[in-house]
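# Coordinate inspection notes
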Amino acid sequence: MNRPTGQCSKSGKRGADMKIIDMHSHIFPPGVAEKVIDALETFYGSRWNGTGELDDLLRNLRQAGISRSVIFSSATKPSQVIPINNFVSRLQQEYPELLIAFGTLHPDFPDCEGEIRRIRELGLRGLKFHPDFQQFNIDDPCMDKIYEAVGDTMPLLFHTGDRRTQYSKPERLLNVHKRYPELKLIAAHLGGYSEWDRAMEYLVGQEVWLDTSSSIRFMGPEKARRLVEAHGTDRVLFASDYPGDTQRQAVKEVLSMGLSEEDNEKIFWKNAERLLGIRV
């Protein structure tokens, strides 16, 4: 029997024509990227594999056969919000069939509601937050104005988990989910970078989304599979965390869990299509 194209076989190999949507790629403006990568490598104590610039991202997407990629950059101070949103919007306009831009906000930005309206007008499809770098607690009341203004109109992607900090604990995201159940919340790193036991306790099984970025290679494919199956593959999204990892390596890591063809299709593209309201 011939296996349909665009699927992963039960041996864990990927079909050549399978669609893939990467939900987690960082992108930085020229002249800034090298400085940002240096800071990230220092913070995480590991070597990052890409430059974070457009040419390198496009090359990695092509090499991995990625259909579409979500791109973003987080504002670490309020003055960066508008320039970053303009930057990612321009890239989305230049590559509309490949790049999907998420905007940024900072809780101290003076007009979050107005910028959310502008983000919608720019056609950005979601918002990305990195509480550890932006230095706010996910469940801090200062974020309520953002959560209330966004509602169910777009996904909110959070870096989640780091045993060294308190800002992004998985239970903080759960607190937000309980207060605002209509929000489309995505917990990066399978719910808790370096804190997957906390992710299992607080987020797994909740009606939030988990992405696979920077997790499987640290926790191992067996533990990752247990977490993914406990949460349900209908709410898991493929994500590379470029430039921390290459898209090709991230694909291999998801396949290493040995899930079924049906589950791999959900994770690689079907769930993202449903969440983002797009067709690839």
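Provided above is the structure to which this section pertains.
What comes next concerns the included structure. The model shown is predicted, which means the values in this text are computed figures rather than measured ones.

Reading the values: rules and limits
- Starting from 1, residues in each chain are numbered consecutively following that chain's sequence as written.
- Residue-level local features of this predicted model are given only where pLDDT is at least 70; pairs of side-chain atoms are given and counted only at 80 or more, and the full residue set underlies all totals for whole chains, interfaces and linings.
- Hydrogen atoms and water are omitted, and side-chain values are computed over all heavy atoms in the structure.
- Each pair of strands is called paired provided DSSP finds at least two bridges between the two strands.
- A run of H or I in DSSP counts as a helix once it spans at least four residues, and a run of E counts as a strand once it spans at least two, with each numbered from the N terminus.
- Where helices are involved, their axes are fitted lines through C-alpha atoms of the stretch in contact, as for all axes, and angles between N-to-C directions lie from 0 to 180°.
- Any angle from 65 to 115 degrees is called roughly perpendicular, while one under 35 is roughly parallel, one over 145 is roughly antiparallel, and all others are oblique.
- Left-handed is the label given to a crossing in which the near helix is rotated counterclockwise from the far helix by less than a right angle, and right-handed is the label when the rotation is clockwise.
- Residues are treated as being in contact if the distance between any of their heavy atoms lies within 4.5 Å.
- Throughout, exposure labels follow a simple rule: accessible area from a 1.4 Å probe, protein chains only, divided by the maximum for the residue type, with under 20% read as buried, over 50% as exposed, and the rest as partly exposed.

Bringing the sheet that holds strand E7 (residues 209-211) into the picture now. Reading across the sheet, the 5 strands line up as E4-E5-E6-E7-E8 and stay open at both edges, with parallel pairing between neighbours. In this open sheet, the two strands that pair with only one neighbour each are strand E4 (127-129) and strand E8 (236-237). Across 3 bridges, E4 lies against strand E5 (residues 155-158) in parallel orientation. Looking at E5, one finds that Phe129 is bridged to Phe158.

Turning to the packing of helix H11 (residues 247-255) against helix H12 (residues 261-276), a few remarks are in order. Taken N-terminus to C-terminus, the directions of H11 and H12 make an angle of 150 degrees; their axes are 11 Å apart at the nearest point. On the basis of the axis angle, H11 is roughly antiparallel to H12. Crossing handedness for the pair H11 and H12: right-handed. Residues Val251, Val254 and Leu255 of H11 touch H12, and the partners they reach there are Asn264, Ile267 and Phe268.

To continue, consider unusual backbone geometry. That bond from Tyr242 to Pro243 is cis: its omega, 5 degrees, falls within 30 degrees of zero. Residue position: Pro243 is located in the loop between E8 and H11. Even without glycine at this site, Ser194 takes up a positive phi of about 65 degrees. Tracing the chain through its elements places Ser194 in the loop between strand E6 (184-187) and helix H8 (196-202). Under the relative-accessibility criterion, Ser194 is labelled buried at 14%. Backbone geometry at Ser214 places phi at a positive 40 degrees, although glycine is not the residue there. Structurally, Ser214 can be placed in the loop between E7 and helix H9 (216-219).

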